[in-house]
Amino acid sequence: MASLFMPLFSGRAEASIIDQMINGLSSTVFYEISLFGSDIELIVIWMALPMLFLTFYFGFINLRSFPLAARILRGRYRDDTSPGEVTQFQALSTALSGTVGLGNIAGVAIAIAMGGPGAALWMTVIGFFAMTLKFAECTLGVKYRTIHKDGTVSGGPMHYLGRGLAARGWKKLGFVLAWSYALFAIPSLLQIAQVNQSYSQFSAVTGVDAPWTFGIILALLVGIVIIGGINQIARVTVRLVPLMAVLYVGAALFIILSHAAEIPAAIALIFNEALRPEAGIGAIIGAFVWGMRRAVYSTEAGLGSATIAHAAARTREPVSEGMVALLEPFIDTVLISSMTALVIIVTGAWQVEGLSDIQMTSWAFNSVIDGFDIVLAVAVVLFAYSTIISWGYYSSKIWAFVFGTSKTSSHLFKAVYIIALIPGGVFTVSQVFDIMDSFFFLMAVPNVIGIYIMASELKRDIRSYKKRIKSGEIAMVPRGESTLAAVEK
């Protein structure tokens, strides 16, 4: 099977063509404009503005509704008769499996390597505002989802952009935006970043140099799960993600606490590097840009991808699922990515020459916990695995929107998705993230336009939902019946 891809990587001429194609795509998507005497990528501004606007427009819902979101997640307002395929906790776990992982482990290291320690602060700040954007898109994902006769659900930007704008009398614009999103999202089938960085750590620990074999084995393991659909994916991720997250966070906390004396200096360094006026506005913008690029990959806020998983949640209240969704950026970026950044800085890993990707994080952990690079290799492979199978579900819905839902189309999708994973370990780090960043940011263009248009509608929905919560119209489930165990039944 590897022979199918060998011609693409067999010589310098072919490699040069691939580099030119990737560089051309990246330079187009990340077109730079001059701002305050420094160059900044226009698409980065495009992503930052809706996060800021919606946070203020919705009255800092990411802060004020955090306790309510936690209660909803615990099942305090659940309705087991609601339509949907998975519980709200399972929907969150599936969505988190697409975000928690290499974006936090490798992404933070890459941000620091490219933008300095200050990029870590901007990742955290962006993660905070991304909570609101994630709330908005996931609320729309549930509100305009399609529930089929067999009980299965189809949702995502392809649906809420088309149906949501049509409901406002903007049918043609909705059609254009929905199809633009779908066509930009089709290349997201290429989950090569997950394969690339998990192989990087696996190879470093084992000394095995076999990217094609690694890709084939991982692809086969992914195929076993995605054939089962959302229910099988949810059953895997609801167990795998919390376990891996607890393991990783526990080790990170141990390292941070063992370097407690260095924490104040590390935090000061992060703030100084992010805001240092003596280095000029260009240095600040540079740190911000890399923080934004990695934060978008980590949170996926604005991409619309997580809305596909959340659309499958059992609920009659779209706003309630939006509340659950806003916890995602907080968990994966505000908490886990910040921990990774502190680990990298307090251990001095960011100053070690030659480390620019996941190997920087690995070095940091291994410098305190001897042999943890092996544990991290296992965790990274499992994180990558959970992310890939979640994106398999996302991509299947996008594929079905474009190519139809026939059995032939479904079988073709699974074959393409699985085979596309195989060459991931062969690409360089810069190639992988230039490809993925480019397609991810393109997906955000039509998605963000639609969210802007429907912002006033979302604000009315928020007021209605909170009013019904306050009046008791939406009843609270007794505490003893609202544990996560009950929610997962």
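What counts as what
Residues numbered from 1 in each chain as written. Predicted model: local features only at pLDDT ≥ 70, side-chain atom pairs only at ≥ 80, totals over all residues. Heavy atoms only, no water. Helix = DSSP H or I, 4+ residues; strand = E, 2+ residues; numbered from the N terminus. Buried < 20%, exposed > 50% of the residue type's maximum accessible area, 1.4 Å probe, protein only. Contact = heavy atoms within 4.5 Å. Areas by Shrake-Rupley, 256 points an atom, 1.4 Å probe, with all protein chains shown as cover. Axes fitted to C-alpha atoms, helices over the stretch in contact; angles between N-to-C directions. Parallel < 35°, antiparallel > 145°, perpendicular 65-115°, else oblique. Left-handed = near helix turned anticlockwise from the far one by under 90°. Lys, Arg positive; Asp, Glu negative; His and termini not counted. Salt bridge = Lys/Arg side-chain N within 4 Å of Asp/Glu carboxyl O. Polar contact = N/O pair within 3.5 Å; in protein donor to acceptor, adjacent residues only side chain to side chain. Nonpolar A, V, L, I, M, F, W, Y, C, P; charged D, E, K, R; others polar. Patch = residues over 30% accessible without salt bridge, like charges linked within 9 Å, V, L, I, M, F, W, Y side chains within 5 Å.

Participant: So what exactly am I meant to see when it comes to the overall build of the protein here?
Facilitator: When helices and strands are counted, the protein shows 23 helices and four strands. Taken across its 489 residues, the protein has 58% of its residues classed as buried. Summarising the internal contacts of the protein: among those between residues at least 6 apart in sequence, 84% fall at separations of at least 24. Accessible surface computed for the protein: about 19100 Å², of which carbon and sulfur atoms make up 65%.

Participant: For this particular structure, what's the right way to read the packing of helix α9 (residues 171-185) against helix α21 (residues 429-453)?
Facilitator: Helix packing for two helices is described by the angle between their axes and how far apart those axes are. It is at 8 Å that the axes of α9 and α21 come closest, and there the two elements cross at 160 degrees. Viewed along their axes, α9 and α21 adopt a mutual orientation that is roughly antiparallel. Handedness of the α9/α21 crossing: left-handed. Where α9 approaches α21, its residues L173, L177, S180, Y181, F184 and A185 are matched on the opposing element by F439, L442, M443, P446, N447, I449, G450 and I453.

Participant: Sorry, what's going on with the side chain of D332 here?
Facilitator: Looking at the element boundaries, D332 is found in helix α17 (residues 327-346). One buried charged side chain, D332, makes no salt bridge at all; its nearest oppositely charged neighbour is K134, positioned 5.5 Å away. A polar atom in the side chain of D332 sits 2.4 Å from the side chain of T333.

Participant: Can you walk me through the pattern of salt bridges in this structure?
Facilitator: If charged atoms from side chains of opposite charge come close, those side chains can pair. Summed over the entire model, instances satisfying the criterion amount to five salt bridges. Where E457 meets K143, a salt bridge forms, and the shortest distance between an N and an O atom there is 2.7 Å. Of this pair, E457 sits in helix α22 (residues 455-471) while K143 sits in helix α7 (residues 118-143), and the two are 314 residues apart along the sequence. The partly exposed category is assigned to K143, whose relative accessible area is 30%. Put simply, R468 and E317 hold a salt bridge, and the shortest N to O gap is 2.7 Å. One end of the pair, R468, is in helix α22; the other, E317, is in the loop between α15 (306-310) and α16 (318-325), and 151 residues separate them in sequence.

Participant: Help me understand the packing of helix α8 (residues 157-167) against α9 in this model?
Facilitator: At a minimum axis distance of 7 Å, the contact between α8 and α9 shows a crossing angle of 175 degrees. Classified by the angle their axes make, α8 and α9 are roughly antiparallel. Residues P157, M158, L161, G162, L165 and A166 of α8 pack against K171, L173, G174, L177, A178, Y181 and A182 of α9. In terms of residue class, the contact of α8 with α9 is made up of 10 nonpolar, two polar and one charged.

Participant: Teacher, can you tell me more about unusual backbone geometry here?
Facilitator: For residues besides glycine, phi is generally negative; the peptide bonds are generally trans as well. Even without glycine at this site, F60 takes up a positive phi of about 55 degrees. Mapped onto the elements, F60 comes out in the loop between α2 (42-57) and α3 (61-64). Note on F60: relative accessible area 27%, which makes it partly exposed.

Participant: What is the right way to read a nonpolar patch on the surface from this model?
Facilitator: A surface patch of nonpolar side chains, about 470 Å² in accessible area, is lined by L49, L52, F53, F56 and Y452. Broken down by element, the nonpolar patch gets its largest block of residues, four residues, from α2. On the basis of relative accessible area, L52 is assigned to the partly exposed category, the value being 36%.

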